[in-house]
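Letter by letter, the chains look like this.
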Amino acid sequence: MARRRPGRCGRCGRCGRCGRCGRRGRCGRGGRGALLACAACTAGWVLAAALLLRAHPGVLSERCTDEKSRRILAALCQEYQGGVLVGDLCEDLCVAGQLRYQRCLYYERGKKVLQATWRGRPIILKSKEEAFSSFQPLSLPEDAAEEGGPDALEAELHLLVAGEVRNALGLELSGGSLGPLWPGRRGRGRRGQLASLWALLQQEEFVLFSLLQDLSRHALPVLGSCGHFYAVEYLAAGSPRHRALFPLEGATGVPRGGRGQARAVSDMALSFLDMVSHFEDDFAYRLHLCDVKPENFAIRNDFTVVAIDVDMAFFEPKMREILEQNCTGDEDCNFFDCFSKCDLRVNKCGAERVNSNLQVICDKIFRHWFSSSLGRWAIPFPLQRQLRDAVQECADPRSMARSPPRAASDVFWKLRSLLRATQRELQEAEE
């Protein structure tokens, strides 16, 4: 579970020579010490490769092709026409031609992500698995519908859904209604509706997006579904290749030049801070982001930051369950970007996360913007220096270790104040 850095042997790239020396017989001639050295070096190389694959699973991702993507959607439509699955997007995809496949974005560990247009609107189709049959089938008592009719069937379904939400997110589904997870449709195709809903509920990201869609402007709403595929709004993801990490071409009111870029960066940074505060305080439990990188976020035209990939986002109860593992050192307690400490007295990781969303965002996003090369953003030098120092303080885990809640709060408000000052400086310069 822990993601560690490769050792020196993996970095130097010399381990391959052990294999070559063994092939030439040199290890044997060098004696037992040389043989042990070769074995240790080879083991280090294998470990480094394993850790690389853990940190970057996309290295062995399945090849993403248009041909296969079209076959996947064709199979989906065949099952829809056979009554196996349903969804409010199935008719447009399979019959009316209003939902059209555009291109394959990526496949990763079974997950399929496709770009399409729905009635002229760009969308993303997602599923955790390729085939509908890959999901665990729904098992409901046969007598539920016979004895109590649709109401009894829905009550039974509610119990199953509540259990799935508890397992996926660590949350208790309150009330007697399934809310945004289930529109409560009845009539023809009821069995297909239940089977389709159950396939969707086995996808943690669908559940999280569905629960957040009326609560957060920093999360994508679910637009609809067909079987096990669900649709969300298409937004261009960030990338380290972009100078500002995120594409700014479609954003409104971005003047050209360094000053315009600086305005955009300060707006995006403030939106990231708003998202941090929102995920920290506005739900019943804190929402932890354990995979922070530009590719997992996008910006709207008004510079609002949106989390577009939340496969590695967890509410507090689930986060504690994930972190509380056996350990022999602190590195064993690192779950991607979410860290805890190893209690060596009992060899158990602490259930409480010791870093924070803010700290990781400062490290992986803000450092790129507010570094020593900040002059490119046309921000006055004194403000540049203050921002750079505040970001370094925020990103440094040692500064937070002294008093985590208070330190995080102090640096949050310091950054917010400096970014507001940056906006005022840039506004005055434009006038």
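If you're wondering where the values come from, they're calculated on a predicted model, not measured in any experiment.

Basis of the calculations
- Residues numbered from 1 in each chain as written.
- Predicted model: local features only at pLDDT ≥ 70, side-chain atom pairs only at ≥ 80, totals over all residues.
- Heavy atoms only, no water.
- Helix = DSSP H or I, 4+ residues; strand = E, 2+ residues; numbered from the N terminus.
- Areas by Shrake-Rupley, 256 points an atom, 1.4 Å probe, with all protein chains shown as cover.
- Buried < 20%, exposed > 50% of the residue type's maximum accessible area, 1.4 Å probe, protein only.
- 1 Å grid on protein atoms, 1.4 Å probe; cavity = no way out; pocket = protein on both sides within 12 Å on 5 of 7 lines; lining within 4 Å.
- Points joined across faces, edges and corners; volume = space filled by probe spheres on them.
- Nonpolar A, V, L, I, M, F, W, Y, C, P; charged D, E, K, R; others polar.
- Pairing = 2+ DSSP bridges.
- Axes fitted to C-alpha atoms, helices over the stretch in contact; angles between N-to-C directions.
- Parallel < 35°, antiparallel > 145°, perpendicular 65-115°, else oblique.
- Contact = heavy atoms within 4.5 Å.
- Polar contact = N/O pair within 3.5 Å; in protein donor to acceptor, adjacent residues only side chain to side chain.
- Expected span 1.5 Å × (residues − 1).
- Disulfide = S-S within 2.5 Å.
- Salt bridge = Lys/Arg side-chain N within 4 Å of Asp/Glu carboxyl O.

When you go through the chain residue by residue, the secondary structure sums to 15 helices and 13 strands. Surface summary for the chain: the accessible area is close to 22,300 Å², and the carbon and sulfur share equals 49%.

Here we take up unusual backbone geometry. If you check the backbone angles, Leu245 has positive phi at about 75° while not being a glycine. Along the polypeptide, Leu245 turns up in the loop between strand 5 (229-233) and helix 10 (258-281). Residue Leu245 is classed as buried on the basis of its relative accessible area of 3%.

So, on to empty space enclosed by the protein. Scanning all chains against the criterion turns up three cavities of 30 Å³ or more. Its volume calculated, the largest cavity comes out at about 40 Å³. Glu280, Arg286, His288, Arg353, Asn355, Ser356 and Asn357 are the residues that line the largest cavity. Grouping the constituent residues of the lining of the largest cavity by class yields no nonpolar, four polar and three charged.

Take the pairing of strand 2 (residues 111-118) next. For a regular strand, side chains alternate in direction, first toward one face of the sheet and then toward the other. For strand 2, a buried count of seven out of eight residues is recorded, marking the element as mostly surrounded by other parts of the structure. Sheet topology note: the strand 1 (residues 99-108)/strand 2 ladder contains eight bridges and is antiparallel. The partner of Leu99 across the bridge, within strand 2, is Trp118. As paired elements, strand 2 and strand 3 (residues 121-127) share seven bridges and run antiparallel to each other. The residue bridging Leu114 from the neighbouring strand is Leu125, located in strand 3. The hairpin formed by strand 2 and strand 3 contains two residues between the paired strands, and Arg119 there has a positive phi angle of roughly 50°.

Here we come to the packing of helix 10 against helix 12 (residues 357-369). Their axes nearest at 11 Å, the elements helix 10 and helix 12 cross at an angle of 170°. As the angle between them shows, helix 10 and helix 12 are arranged roughly antiparallel. In this structure, helix 10 uses Val265, Met268, Ala269, Phe272, Leu273, Met275, Val276 and Phe279 to contact helix 12, whose residues at the interface are Asn357, Leu358, Ile361, Ile365, Phe366 and Trp369. For the contact of helix 10 with helix 12, a count of residues per class yields 13 nonpolar, one polar and no charged.

Turning to the side chain of Ser340, a few remarks are in order. Positionally, Ser340 belongs in the loop between strand 11 (338-339) and strand 12 (342-343). Accessibility expressed as a relative area gives 3% for Ser340, which makes it buried. Among the polar contacts listed, one links the side chain of Ser340 to the backbone oxygen of Gly350, at a separation of 3.1 Å. Excluding residues that lie within four positions of it along the chain, Ser340 makes contacts with Leu323, Asp330, Cys333, Asn334, Cys349, Gly350, Glu352 and Val354.

On the basis of which strands lie adjacent, the open sheet formed by five strands has the order 1-2-3-5-4 and antiparallel pairing. Lying at the two open borders of the sheet, with one neighbouring strand each, are strand 1 and strand 4 (222-226). Geometrically, the sheet is characterised by an average inter-axis angle of 25° between neighbouring strands, direction not taken into account. Where helix 5 (residues 66-81) meets the sheet, its contacts fall on strand 1, strand 2, strand 3, strand 4 and strand 5, and the angle it forms with strand 1 comes to roughly 115°.

In this model helix 8 (residues 190-201) runs 16 Å from its N-terminal to its C-terminal C-alpha over twelve residues, within 8% of the 16 Å that 1.5 Å per residue would give. Across the twelve residues of helix 8, ten count as buried, placing the element largely inside the fold. Along helix 8, the positions that sit buried rather than exposed are Arg190, Gly192, Gln193, Leu194, Ser196, Leu197, Trp198, Ala199, Leu200 and Leu201.

The next thing to look at is the state of the cysteines. Note on terminology: disulfide describes a covalent bond linking the sulfur atoms of two cysteines. Taken as a whole and assessed by the stated rule, the structure comprises seven disulfides. Two residues, Cys327 and Cys342, share a disulfide whose sulfurs are 2.1 Å apart. Every disulfide takes its handedness from the sign of the S-S torsion; for Cys327 and Cys342 that torsion is 90°, giving right-handed. You can see Cys327 sitting in the loop between helix 11 (316-323) and strand 10 (334-335) and its partner Cys342 sitting in strand 12, a full 15 residues away along the chain. Taken individually, Cys327 and Cys342 each receive the classification buried, so the pair is uniform in this respect.

What follows covers the pattern of salt bridges. Oppositely charged side chains are able to pair whenever their charged atoms sit close together. Per the stated rule, a full pass over the model turns up 26 salt bridges. Residue Glu321 pairs with Lys318 through a salt bridge whose shortest N-O separation is 3.3 Å. Of this pair, Glu321 and Lys318 both sit in helix 11, separated by three residues, roughly a single helical turn. Given a relative accessible area of 49%, Glu321 falls into the partly exposed group. The buried category is assigned to Lys318, whose relative accessible area is 14%. Because the salt bridges share partners, they merge into one network encompassing Lys111, Lys126, Glu205, Asp309 and Asp311.

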